[in-house]
Amino acid sequence: MTPEQALAVAAETVRRDLWRTGAWSPAAAAALAAALEHRRWWLTVWPHGAEHVPGLVAQDVQEAVHGAVDPGWPTCAEHGDHALFVEPDLGPDPFWVCHRSGLPVAAVGGL
C-alpha cells in the first residue's frame, strides 16, 4: 500500500465512524484534516508504516475530538457512559474496544 492509499483509507474509515456516530462536524473535519497531514509527514519518515496509518489517524482524531468537541466520542453502545478507544496502539487492523469489558466493539470504520 502506498502512503497516499494509506491516507485515503484512513480518511474514509475515520470519516465513516464520525458520520455514523453523529460526530461529523466542522471541528471533526478539521481534526481529521490535521491528523492526515501529520501522518503524511510521518509516512515520509517511515514509509513502510502505511498499514498502521488508519489506527493512528483514528487515535489522532479521537484525541482532538475529546479535547475540543465531544469528550465521549465514540460512546460505548453497551454501557453508554464511556468512550471507546482504539487498539492496538500501533498495528494493522485497528478496532474500537470497550475498556470496561475489554472486548472489541467494531473495526475502525465499522461503527
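Please refer to the structure placed before this passage.
Now for a look at the structure at hand.

The rules behind each value
Residues numbered from 1 in each chain as written. Predicted model: local features only at pLDDT ≥ 70, side-chain atom pairs only at ≥ 80, totals over all residues. Heavy atoms only, no water. Helix = DSSP H or I, 4+ residues; strand = E, 2+ residues; numbered from the N terminus. Expected span 1.5 Å × (residues − 1). Buried < 20%, exposed > 50% of the residue type's maximum accessible area, 1.4 Å probe, protein only. Arc of directions from axis to C-beta. Phe/Tyr/Trp six-rings, centres within 6.5 Å; stacked < 30°, edge-to-face > 60°. Lys NZ or Arg CZ within 6 Å of the ring centre and 35° of its normal. Axes fitted to C-alpha atoms, helices over the stretch in contact; angles between N-to-C directions. Parallel < 35°, antiparallel > 145°, perpendicular 65-115°, else oblique. Left-handed = near helix turned anticlockwise from the far one by under 90°. Contact = heavy atoms within 4.5 Å. Nonpolar A, V, L, I, M, F, W, Y, C, P; charged D, E, K, R; others polar. Pairing = 2+ DSSP bridges. Salt bridge = Lys/Arg side-chain N within 4 Å of Asp/Glu carboxyl O.

A separate point is helix H2 (residues 26–45). The end-to-end C-alpha distance of H2 is 29 Å, a good match for the 28 Å that 20 residues give at a rise of 1.5 Å each. For H2, the set of buried residues is Ala28, Ala31, Leu32, Ala35, Leu36, Arg39, Trp42 and Leu43. Considered in projection along H2, the buried side chains sweep an arc of 135° and stay on one side of the axis. Opposite the packed face of H2, turned more than 90 degrees from it, sit the exposed residues Pro26, Trp41 and Thr44.

Scanning all chains against the criterion turns up one aromatic pair. The positively charged end of Arg39 is found above the aromatic ring belonging to Trp42, 5.5 Å away from the centroid.

Quick look at the packing of helix H1 (residues 3–20) against helix H3 (residues 53–68) now. If you want to describe how two helices pack, look at the angle between their axes and the distance between the axes. Where H1 meets H3, the axes come as close as 8 Å, and the angle between the chain directions of the two elements is 45°. Accordingly, the angle class assigned to the pair H1 and H3 is oblique. As for the relative orientation of H1 and H3, their crossing is right-handed in sense. Every residue of H3 that contacts H1 at Ala6, Leu7, Val9, Ala10, Thr13, Val14 and Leu18 is listed here: Val53, Pro54, Val57, Ala58, Val61 and Val65. Considering only residue class, the contact of H1 with H3 consists of 12 nonpolar, one polar and no charged.

Turning to the sheet that holds strand E3 (residues 104–107), a few remarks are in order. Strand order in the open sheet formed by three strands is E1-E2-E3, with antiparallel pairing between adjacent strands. The sheet is open, and its two borders are formed by strand E1 (85–87) and E3, each paired with just one other strand. When strand polarity is set aside, the average angle formed by the axes of neighbouring strands in this sheet is 40°. Its contacts with the sheet place H3 against E1 and strand E2 (95–97), and it is angled at close to 160° to E1.

Counted by the stated rule, this structure contains six salt bridges. For Glu12, the salt bridge identified is with Arg16, shortest N-O distance 3.7 Å. Within this pair, Glu12 and its partner Arg16 are both found in helix H1, separated by four residues, close to a single helical turn. Its relative accessible area of 38% is what places Glu12 among the partly exposed residues. Given a relative accessible area of 26%, Arg16 falls into the partly exposed group. Between Glu37 and Arg40 there is a salt bridge, and its shortest N-O distance comes to 3.0 Å. Residue Glu37 and its partner Arg40 are located together in helix H2, separated by three residues, close to a single helical turn. You can call Glu37 partly exposed: its relative accessible area is 47%. Its relative accessible area of 31% is what places Arg40 among the partly exposed residues.

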